[in-house]
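The chain contents come next:
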Amino acid sequence: MTQLRHDWRLDEVENLFSMPFNDLLFKSHTIHRDNFDPNYVQVSSLLNIKTGACPEDCSYCSQSSKYDTGLEREKLMEVDAVLKQAQEAKDKGATRFCMGAAWRNPTDKSLDKVIPMIQGVKAMGMETCVTLGMLSQQQAFALKEAGLDYYNHNIDTSEENYSNVITTRSFQDRLDTLESVQNADIHVCSGGILGLGEGQTDRASMLRSLANLAQHPDSVPLNLLVPIPGTPFEAIEPPTESEFVRTIAVARIMMPKSVVRLSAGRTEMGEAMQALCFFAGANSIFYGEQLLTTDNPDTDTDQMLFEKLGINRQPLNTH
Ligand code: SAM
Ligand code: DTB
Ligand code: SF4
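What counts and what doesn't
- Residues numbered from 1 in each chain as written.
- Chains lettered and ligands numbered in written order.
- Predicted model: local features only at pLDDT ≥ 70, side-chain atom pairs only at ≥ 80, totals over all residues.
- Heavy atoms only, no water.
- Helix = DSSP H or I, 4+ residues; strand = E, 2+ residues; numbered from the N terminus.
- Rg over C-alpha atoms; globule rule 2.2 N^0.38 Å.
- Buried < 20%, exposed > 50% of the residue type's maximum accessible area, 1.4 Å probe, protein only.
- Contact = heavy atoms within 4.5 Å.
- Areas by Shrake-Rupley, 256 points an atom, 1.4 Å probe, with all protein chains shown as cover.
- Near = heavy atom within 4 Å.
- 1 Å grid on protein atoms, 1.4 Å probe; cavity = no way out; pocket = protein on both sides within 12 Å on 5 of 7 lines; lining within 4 Å.
- Sits in = over half its atoms within 2 Å of the grid points.
- Nonpolar A, V, L, I, M, F, W, Y, C, P; charged D, E, K, R; others polar.
- Polar contact = N/O pair within 3.5 Å; in protein donor to acceptor, adjacent residues only side chain to side chain.
- Expected span 1.5 Å × (residues − 1).
- Arc of directions from axis to C-beta.

Enquirer: What should I look at first to understand the overall build of the chain in this one?
Expert: When helices and strands are counted, the chain shows 11 helices and 10 strands. Against the compact-globule benchmark of 20 Å for 319 residues, the chain has a radius of gyration of 18 Å, which places it among compact chains. Taken along its principal axes, the extent of the C-alpha atoms in the chain is 50 × 40 × 35 Å. Taken over 319 residues, the chain has a buried fraction of 56%. Restricting to contacts in the chain with at least 6 residues of sequence separation, those with at least 24 account for 75%. Here the chain has roughly 13800 Å² of accessible surface; of this, 49% comes from carbon and sulfur atoms.

Here is the structure:
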């Protein structure tokens, strides 16, 4: 039985990061095999249901009102249009549909408009996920009531690096929402972005914060920053490929039963890089031509990649 730990010390995590690459990958892959079928990857599709004009100042984001990124703001989509996109995602093979909104937090009125979207997607037989910003405890209960399966809320970076990236909310605000989501018994999806000016200690600290939550997030998205012209991070130095793979491997070791998602940034990754991420312990991706506002590999390319690697798509509801 794999023991789940919630008492990681920073120096222990840093020691994992410092292991020789082959030793680290052997260890993470062994843990991966002990807990999952290594040839299955779960696929989710994303839809931005409300675009732009977000009051937060996240230095990486195309949708912040603080930066001129050339993105047209759009109001909340109609339910029918969302369900049409969900059906298309299902037809292409997605098993989870994740709806994102450029909000600091939803108002109760706007939450009422998202609930029929969740119910409609669920009725199609897909898992549901939303990412709407900060939630109150009552709002988390309301989402549970509506049948929501997953709530995505990333901690993004280490607590120490947080104020270099976002000043309009605190790291603790993020943890508070995660607690409300866990209290409501909704699966938590929480991870971060690599390439926000952080160092290896920050990556270790970010993973430590995730693994030391009361429960490990069920899903841990690791994004490679998609640089957005007009944002403060448009030209920031990206992590190296081996640093990115190491982070996946350490996440797999620390959170052995969580599904680790190779998230944004795949358009910049070759076949071998993605294969290495799957070997290190990543076992889900975003599938479909669009992330929220930026491009993702097209589905034919991903199909071909899966065929070449002998990877199967995880069928619905069988982790
Ligand atoms: N507004 C909500 C929030 O921030 O929680 C939900 C939508 S927000 C766009 C969802 C997540 O997408 C962010 O937390 C961040 O981790 C990720 N993200 C946003 N822009 C990104 C970028 N340019 N590159 C990589 N990941 C990004
Ligand atoms: C996550 O960790 N990554 C997704 C999802 N959760 C919501 C979003 C990636 C966004 C990439 C930039 C964009 O398309 O705007
Ligand atoms: Fe707003 Fe979310 Fe973008 Fe931050 S990441 S600016 S909260 S949409």
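There's plenty left to go through after this.
Enquirer: I keep staring at the site of ligand 3 and nothing clicks. Help me out?
Expert: Taken together, Cys 54, Glu 56, Cys 58, Tyr 60, Cys 61, Ser 64, Ala 102 and Arg 169 form the complete shell of residues around ligand 3. When each cavity is represented as a set of grid points, ligand 3 is found to reside in the largest cavity. Partitioned by chemical class, the residues of the shell around ligand 3 number five nonpolar, one polar and two charged.

Enquirer: Looking at this model, I keep getting lost on the site of ligand 1. Mind explaining?
Expert: Lining the immediate environment of ligand 1, one finds 17 residues, of which Thr 131, Asn 154, Asp 156, Arg 174 and Val 226 sit closest. Tyr 60 places a polar main-chain atom, nitrogen or oxygen, 3.2 Å from a nitrogen atom of ligand 1. Here an oxygen atom of ligand 1 sits 2.8 Å away from a polar atom, N or O, in the side chain of Arg 174. Here ligand 1, which alone exposes 550 Å², has 91% of that area covered by the protein. The site holding ligand 1 turns out to be the largest cavity. By residue class, the composition of the shell around ligand 1 is 10 nonpolar, five polar and two charged.

Enquirer: Help me understand helix H2 (residues 21–35) in this model?
Expert: Each α-helix turn comprises 3.6 residues. Residues three or four places apart therefore point the same way. Compared with the 21 Å implied by 1.5 Å per residue over 15 residues, the 21 Å span of H2 between its first and last C-alpha is a close match. By the burial criterion, the buried members of H2 are Leu 24, Leu 25, Ser 28, His 29, Ile 31, His 32 and Asn 35. Around the axis of H2, the buried residues are gathered within 160° of arc, so they sit on the same side. Exposed residues on H2 whose side chains face more than 90 degrees from its buried face are Asn 22, Phe 26, Arg 33 and Asp 34. Looking at the buried positions of H2, the neighbouring elements they touch are helix H1 (10–17), helix H9 (241–254), helix H10 (271–280) and strand E9 (282–286).

Enquirer: Would you mind showing me how to read the environment of Leu 196 here?
Expert: Take Leu 196: it is sitting in the loop between strand E6 (192–194) and helix H8 (200–211). Placed 28 residues apart in sequence, Leu 196 and Leu 224 show a C-alpha to C-alpha distance of 9.1 Å. Not counting residues within four places of it along the chain, the set of residues in contact with Leu 196 comprises Tyr 60, Asp 156, Thr 157, Asn 161, Val 165, Leu 225, Phe 233 and Ile 236.

Enquirer: Help me understand the side chain of Asn 48, please; the structure alone is not making it clear to me.
Expert: Mapped onto the elements, Asn 48 comes out in strand E1 (residues 40–50). Polar side-chain contacts of Asn 48 include one of 3.2 Å to the side chain of Thr 51. Only 2.9 Å separates the side chain of Asn 48 from the side chain of Gln 63, close enough to count as a polar contact. Those residues in contact with Asn 48 that sit more than four places away from it in its chain are Gln 63, Met 77, Gly 100, Ala 101, Leu 292 and Thr 293.

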